[in-house]
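Chain by chain, the residues run as shown.
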Amino acid sequence: MCDTSRTASVVAVPPVMSASLPNMGNVNGAGTSPLRSGLNLSFGMKDSYKETKWMKGEIGKGYKIIFSGRTSTRNGVGVILDKEMKIKVVDVERKSDRIIMVKLVGEEKVLNVISAYASQVSCEVREKEEFWRVMDEVKQGIPDYRDVVIGGDMNGQAGSEKVEYERVHGGYGFGERNEVGEKVLDYAASYGLATMNTYFKKREEHYITYKSGGNRSQN
């Protein structure tokens with residue numbers, strides 16, 4: 001059975017809680033995110049916030065969420081912006097309740113932030129293929145010279161080994177690569193991106209994004 005009722009997933013720019021790195025982004029040298037190279041410091045870093053129950057619109061303390069979905073707490077994706085970032089938004093593309101793109105213009109750079117929530121393994125093949133088709137469409141609509149950061153829940157595990165994916169995998173992670181994780185790495189390789197959360201060594205528990213009973217995974 002597919003995840004027909006799921007909690008919303010959002011991306012924050014810059015982070016409001018912790019300092020984990022984006023799932024995917026352009027790299028200017030190994031392990032370097034565009035959010036840390038050449039951008040006005042106000043862009044800072046970003047974070048991925050999964051399974052949130054925040055409301056859309058202004059959410060207090062100067063933060064705003066730009067949301068795409070059926071309701072404000074279920075089946076949707078979004079991007080949270082602080083008071084400096086929200087005035088830099090020049091375009092929003094709400095593709096579905098699984099994909100949204102927000103374009104920000106700084107003093108020297110244009111940044112495209114994509115928040116995505118991939119279909120789970122239990123979903124029909126047609127739905128999973130549609131998700132990646134739209135992801136291709138979104139990325140192909142962005143000029144190659146523009147910076148891109150993708151955050152969210154890709155529902156795949158890239159694993160700890162970078163064999164065959166040295167360009168896009170930093171060599172750190174959790175467990176074994178699965179089929180969807182390979183799809184994520186293939187997508188990154190196709191567009192010159194890198195899975196940034198594999199470029200930094202962390203304690204094992206900090207890689208884990210999903211726990212259920214005895215099962216653990218890094219999505």
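Asks: Explain helix 1 (residues 125-140) to me, using residue names and the numbers behind them.
Replies: In a regular helix each residue adds 1.5 Å, so 16 residues correspond to 22 Å; helix 1 covers 22 Å between its end C-alpha atoms and thus fits that length. Every buried residue of helix 1 is accounted for by Phe 131, Trp 132, Val 134, Met 135, Val 138 and Lys 139. Viewed end-on, helix 1 has its buried residues packed into an arc of 155°, placing them on one side of the element. Turned more than 90 degrees away from the buried face of helix 1, the exposed residues are Val 125, Arg 126, Glu 129 and Gln 140.

Asks: Lay out the packing of helix 1 against helix 2 (residues 179-190) with the relevant residues and their values.
Replies: Relative to each other, helix 1 and helix 2 sit at 20°, their axes nearing to 12 Å. Classified by the angle their axes make, helix 1 and helix 2 are roughly parallel. For the pair helix 1 and helix 2, the sense of crossing is right-handed. Packed against helix 1, whose contacting residues are Trp 132, Met 135, Asp 136 and Lys 139, the element helix 2 presents Lys 183, Val 184 and Tyr 187 at the interface.

Asks: Kindly report on the pattern of salt bridges, identifying the contributing residues and their values.
Replies: Tallied over the full model, the rule gives seven salt bridges. Linking Arg 126 and Glu 124 is a salt bridge whose minimum nitrogen-to-oxygen distance equals 3.3 Å. For Arg 126, a relative accessible area of 64% corresponds to the exposed category.

Asks: Explain the confidence of the model for the protein to me, using residue names and the numbers behind them.
Replies: For the protein, mean pLDDT is 74; residues scoring 70 or higher make up 65% of the total. Mean pLDDT values for the elements of the protein range from 44 in strand 3 (residues 47-52) up to 95 in strand 8 (residues 99-105). With pLDDT under 50 throughout, residues 15-22 is counted as low confidence; its partners more than four residues away or in other chains account for 24 contacts. Ignoring residues within four places in sequence, the model shows residues 27-55, a span with pLDDT below 50, making 104 contacts including any to other chains.

Asks: Break down the packing of aromatic side chains for me, citing the residues and quoting the values.
Replies: Two numbers describe a pair of aromatic rings. These are the distance of the centres and the angle of the planes. Within the structure shown, the criterion is met by three aromatic pairs. Ring pairing ties together the aromatic residues Phe 131, Trp 132, Tyr 187 and Tyr 191, which thus form one cluster.

Asks: Would you mind going over the nonpolar core in detail, with residue names and values included?
Replies: Counting 23 residues, the largest nonpolar core has Ile 114, Phe 131 and Met 135 as its most contacted members. For this core, the leading source of residues is helix 1, giving five residues. Here Phe 131 is in contact with Arg 98, Ile 99, Ala 116, Tyr 117, Ala 118, Ser 119 and Met 154, once residues within four sequence places are set aside.

Conventions used here
- Residues take numbers from 1 onward in each chain, read along the sequence in its written order.
- In keeping with the predicted nature of the model, local features appear solely for residues at pLDDT of at least 70, side-chain atom pairs appear and are counted solely at 80 or more, and the whole-chain, interface and lining totals rest on all residues.
- Side-chain figures throughout are based on the complete set of non-hydrogen atoms in the structure, without hydrogens or water.
- Strands are runs of DSSP state E lasting at least 2 residues, helices are runs of H or I lasting at least 4, and numbering of each runs from the N terminus.
- One less than the residue count of a helix, multiplied by 1.5 Å, gives the span that helix is expected to have.
- Any residue under 20% of the maximum accessible area for its type is buried, any over 50% is exposed, and the rest in between are partly exposed; the area is computed with a 1.4 Å probe on protein chains only.
- Here, the arc refers to the directions that run from the helix axis to the C-beta atoms.
- Lines fitted to C-alpha atoms define the axes here, with helix axes fitted over just the stretch in contact, and angles between the N-to-C directions of these axes take values from 0 to 180 degrees.
- Each angle is binned into one of four classes, with values under 35 degrees roughly parallel, values over 145 roughly antiparallel, values of 65 to 115 roughly perpendicular, and all other values oblique.
- Handedness of each helix crossing follows the sense of rotation of the near helix against the far helix: counterclockwise by less than a right angle gives left-handed, clockwise gives right-handed.
- The contact criterion used throughout is that any non-hydrogen atoms of two residues lie within 4.5 Å.
- The salt bridge definition used is simple: a Lys or Arg side-chain nitrogen within 4 Å of an Asp or Glu carboxyl oxygen.
- The predictor rates its confidence in each residue with pLDDT, a number between 0 and 100.
- For this analysis, a ring pair means two rings from Phe, Tyr or Trp (six-membered ring only for Trp) whose centres lie within 6.5 Å, classed as stacked if their planes differ by under 30 degrees, edge-to-face if by over 60, and tilted for the remaining angles.
- Put simply, a nonpolar core is a bunch of buried Ala, Val, Leu, Ile, Met, Phe, Trp, Tyr and Cys residues held in one set by side-chain atoms that sit within 4.5 Å of each other.

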